[in-house]
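Structural overview for review
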Amino acid sequence: MYSQTDNTTKKFTFKKLNNAIRLNYTLVDMPSDKVTYDLESKMSLIGLNYNIPITNWLYTGAGMHTAITGDQGGLFTLGVHLGINKKLYENLYFDANIHFGGGGGYRSLVNGGGILYPNIGLQYKKNNYSFGVQYGQVNFFTGIIKNDNICLLYTSPSPRD
């Protein structure tokens, strides 16, 4: 028979994570020249992402995007992302990330729904809140929507218990 003989208590330390919620807005040009039916020329996507810091400059997380204007009713994606956020000067930060996911929608424009969405841009941060602008490319690689764009974003700390 075996038993535990050491009753010492060990103290654990916890690292406080500064998780954040990011909202973004992207206007996408639609490939109306590649289809035989009427198609609105623009689609607006809104994204909601939950960012978790890995280091003081590297983050990961999960997120979703959905169409809010255009004729792609029901379009949504879910995915994961990895990003870099580095201070450039005072409150100005460089931010780059890549989102990979999948989803579906109303039409064959997204086909299987696979999305790859890399972004690069600038953020202004103050008191853990930020807003910024990024250049990116929405690429539904299983379909025909592929578009360079400008994305606006807002980030806030996640709610605390």
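Residues numbered from 1 in each chain as written. Predicted model: local features only at pLDDT ≥ 70, side-chain atom pairs only at ≥ 80, totals over all residues. Heavy atoms only, no water.

1. Regarding the side chain of His99
Looking at where His99 falls in the secondary structure, it is placed in strand S5 (residues 92-104). In contact with His99, other than residues within four places in its own chain, are Asn49, Gly63, His65, Thr77, Leu78, Gly79, Val80, His81, Ile115, Leu116 and Tyr117. (Helix = DSSP H or I, 4+ residues; strand = E, 2+ residues; numbered from the N terminus. Contact = heavy atoms within 4.5 Å.)

2. Structural notes on empty space enclosed by the protein
For the structure shown, the criterion picks out one cavity of 30 Å³ or more. Within this model, the largest cavity holds a volume of roughly 110 Å³. Arg22, Asn24, Asn49, Asn97 and Asn119 are, among the 14 residues lining the largest cavity, the residues nearest its centre. Counting only elements with at least two residues in the lining of the largest cavity, the list comes to strand S1 (20-29), strand S2 (42-53), strand S3 (58-69), S5, strand S6 (115-126) and strand S8 (146-157). Across the lining of the largest cavity, the residue classes tally to four nonpolar, nine polar and one charged. (1 Å grid on protein atoms, 1.4 Å probe; cavity = no way out; pocket = protein on both sides within 12 Å on 5 of 7 lines; lining within 4 Å. Points joined across faces, edges and corners; volume = space filled by probe spheres on them. Nonpolar A, V, L, I, M, F, W, Y, C, P; charged D, E, K, R; others polar.)

3. Remarks on the pattern of salt bridges
Pairing is possible between side chains that carry opposite charge, provided their charged atoms lie close to one another. Scanning all chains against the criterion turns up two salt bridges. Across the pair Asp95 and Arg22 runs a salt bridge, and its minimum N-O distance is 3.2 Å. One end of the pair, Asp95, is in strand S5; the other, Arg22, is in strand S1, with 73 residues separating them in the sequence. The class for Arg22 is buried, based on a relative accessible area of 6%. With a shortest N-O distance of 2.2 Å, Lys42 and Asp29 are connected by a salt bridge. Pair noted here: Lys42 is in strand S2 and Asp29 is in strand S1, with a separation of 13 residues, a long-range link. Residue Asp29 is classed as partly exposed on the basis of its relative accessible area of 35%. (Salt bridge = Lys/Arg side-chain N within 4 Å of Asp/Glu carboxyl O. Buried < 20%, exposed > 50% of the residue type's maximum accessible area, 1.4 Å probe, protein only.)

4. A closer look at the sheet that holds S2
Judged by pairing direction, the barrel is antiparallel, and its eight strands sit side by side in the order S1-S2-S3-S4-S5-S6-S7-S8 before closing back on the first. Pairwise comparison of adjacent strand axes, ignoring direction, gives a mean angle of 25° for this sheet. In this structure, S3 lies alongside strand S4 (residues 76-89), joined through nine bridges in antiparallel fashion. When the bridges of S4 are listed, Tyr59 appears paired with Gly83. (Pairing = 2+ DSSP bridges. Axes fitted to C-alpha atoms, helices over the stretch in contact; angles between N-to-C directions.)

5. Quick look at the nonpolar core
Judged by nonpolar contacts, the single largest core of 16 residues is most densely connected at Met43 and Ile145. If you list the elements that add at least two residues to this core, you get S2 and S6. (Core = buried A, V, L, I, M, F, W, Y, C linked by side-chain atoms within 4.5 Å.)

6. Quick word on the pairing of S1
Side chains of S1 alternate between two faces, with Ala20, Arg22, Asn24, Thr26 and Val28 buried and Ile21, Leu23, Tyr25, Leu27 and Asp29 left unburied. Pairing analysis gives ten bridges linking S1 to S2, with the strands arranged antiparallel. Looking across to S2, one finds that Asn24 is bridged to Gly47. Where S1 and S8 come together, seven bridges link them in antiparallel fashion. Bridging across to S8, Asn24 finds its partner in Leu153.

7. Quick notes on the layout of surface pockets
Quantified by volume, the largest pocket comes out at close to 540 Å³. Around the largest pocket, the lining comprises 26 residues; the ones closest to its centre are Asn18, Ala20, Pro53, Asn85 and Lys125. Residue assignment for the lining of the largest pocket shows that the elements contributing at least two residues are S1, S2, S3, S5, S6, strand S7 (129-139) and S8. The leading source of residues in the lining of the largest pocket is S2, at three residues. Partitioning the lining of the largest pocket into residue classes produces ten nonpolar, ten polar and six charged.

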